[in-house]
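The lines below spell out each chain.
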Amino acid sequence: MVQSEIGATDSLGWTKVGGQAGSNAGGLYQDRDGVRWYLKIPARDGHARNEVLANHLYRLAGAAVPEVRLVAQGDRLAVASRIVKGLTLADLSGDSAARHSAALCEHFAADAWLANRDVLGADLDNIVVDRNGGVIRIDQGGALRYRAQGADKSDFGNSVLEFFSLRDPARNAVAARIFGCMSAAQLLASVQLVAAISDAAIRAAVLGIEGEGTEAETLIATLIARREDLIRRAAELNS
């Protein structure tokens with residue numbers, strides 16, 4: 001059974017019960033305790049660590065995300081995401097869709113901070129509303145330094161471009177369907193959740209998953225700078 005979000009454990013003994021979903025290799029697996037996980041095997045181990053880290057950073061911001069683990073799949077790292085039962089946002093309509101879309105906006109600033117441009121999926125299918133009505137971001141594969149299919153982002157830096165692009169239908173039509181009509185008050189409230197994350201918490205998250213080294217230190221500095229950039233943008237909304 002998977003034990004830790006930080007250290008990778010082996011998936012030996014897991015039974016494959018379903019095929020690949022999405023653009024990365026993977027499949028649906030059941031562990032020895034009967035728990036079902038979707039196992040995604042990115043082309044690079046760094047992409048796997050990146051996704052697990054993004055998931056952890058979302059938790060620091062208070063956003064609901066699945067239980068996610070790094071799993072050793074032979075000589076490769078995979079991302080095991082515990083299956084969340086529920087309807088996707090695309091399945092909802094009317095008042096229910098509006099209510100859950102508003103709940104999704106509460107953590108818009110975390111999406112922007114983590115550069116998760118594909119947070120909603122191709123058609124709102126990366127958001128699941130669980131049996132308790134919780135709005136869960138189920139796929140962080142396109143967050144931080146990588147695009148969803150594993151390419152490096154050339155424009156992931158200290159400036160949070162996504163604070164605007166995720167609300168602009170010309171640049172991200174899917175995201176703008178949800179975030180495009182956010183009020184200044186909603187934007188400010190979402191930024192405050194990211195602003196509350198300390199430097200120490202960011203450092204611990206990055207080092208715990210990425211390990212020590214120059215790349216990790218660069219990522220820590222970038223995340224702190226992006227948090228500060230969001231705070232500046234929020235202050236401009238108030239001016």
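Residues numbered from 1 in each chain as written. Predicted model: local features only at pLDDT ≥ 70, side-chain atom pairs only at ≥ 80, totals over all residues. Heavy atoms only, no water.

### Let's talk about the packing of aromatic side chains
What counts is decided by this rule: A pair of aromatic rings is counted whenever rings of Phe, Tyr or Trp (Trp by its six-membered ring) have centres within 6.5 Å, and the orientation is called stacked for planes under 30 degrees apart, edge-to-face for over 60 and tilted otherwise. Labels follow the DSSP assignment, with helices taken as runs of H or I lasting at least four residues and strands as runs of E lasting at least two, numbered in each case from the N terminus. Whether a residue is buried, partly exposed or exposed follows from its accessible area with a 1.4 Å probe, protein chains only, as a fraction of its type maximum: under 20%, in between, or over 50%, in that order. In this scheme, Lys NZ or Arg CZ marks a charge over a ring once it lies within 6 Å of the ring centre and within 35 degrees of the ring normal.
In the structure shown here, the tally under the stated rule is four aromatic pairs. With a centroid separation of 5.9 Å and an interplanar angle of 25 degrees, the aromatic rings of tryptophan 14 and tryptophan 37 are classed as stacked. Pair noted here: tryptophan 14 is in the loop between β1 (9-10) and β2 (15-18) and tryptophan 37 is in strand β4 (residues 36-41), with a separation of 23 residues, a long-range link. Pair check on accessibility: tryptophan 14 and tryptophan 37 agree, each one buried. Ring geometry for phenylalanine 163 and phenylalanine 164: centres 5.5 Å apart, planes at 85 degrees, overall edge-to-face. The side chain of arginine 167 reaches across the aromatic face of phenylalanine 163, ending 4.8 Å from its centre.

### Focus on the packing of helix α6 (residues 184-195) against helix α8 (residues 214-238)
What counts, and what does not: Here, axes are lines fitted to C-alpha atoms. For helices the fit covers the stretch in contact, and angles between N-to-C directions go from 0 to 180 degrees. An angle below 35 degrees is read as roughly parallel, one above 145 as roughly antiparallel, one from 65 to 115 as roughly perpendicular, and any other as oblique. Crossing handedness follows the turn of the near helix against the far one: under a right angle anticlockwise gives a left-handed crossing, and clockwise gives a right-handed one. Contacts are assigned to residue pairs with any non-hydrogen atoms lying within 4.5 Å of each other. We call Asp, Glu, Lys and Arg charged. Ala, Val, Leu, Ile, Met, Phe, Trp, Tyr, Cys and Pro are nonpolar, and the rest, Gly among them, are polar.
Where α6 contacts α8, the two axes come as close as 9 Å, and the packing angle between them is 150 degrees. The angle between α6 and α8 falls in the class roughly antiparallel. Crossing hand, α6 versus α8: left-handed. Taken together, the residues of α8 that come into contact with α6 (itself represented by Ala184, Leu187, Leu188, Val191, Val194 and Ala195) are Arg227, Leu230, Ile231, Ala234, Leu237 and Asn238. Per-class residue counts for the contact of α6 with α8 are 10 nonpolar, one polar and one charged.

### Side note on the environment of histidine 47
The following threshold applies: What qualifies as a polar contact is a pair of N or O atoms within 3.5 Å, subject to a donor-acceptor requirement within protein and to the restriction that residues adjacent in sequence count only when both atoms come from side chains.
Secondary-structure assignment places histidine 47 in helix α1 (residues 45-60). Residue class for histidine 47 comes out buried when judged on its relative accessible area of 2%. The spatial distance from the C-alpha of histidine 47 to the C-alpha of valine 79 is 9.3 Å, given a sequence separation of 32 residues. With sequence-adjacent residues up to four places away left out, histidine 47 is seen in contact with Asn24, Pro42, Gly141, Tyr146, Arg147, Ala148, Gln149 and Gly150. At 3.5 Å, the side chain of histidine 47 and the backbone oxygen of arginine 147 are in polar contact.

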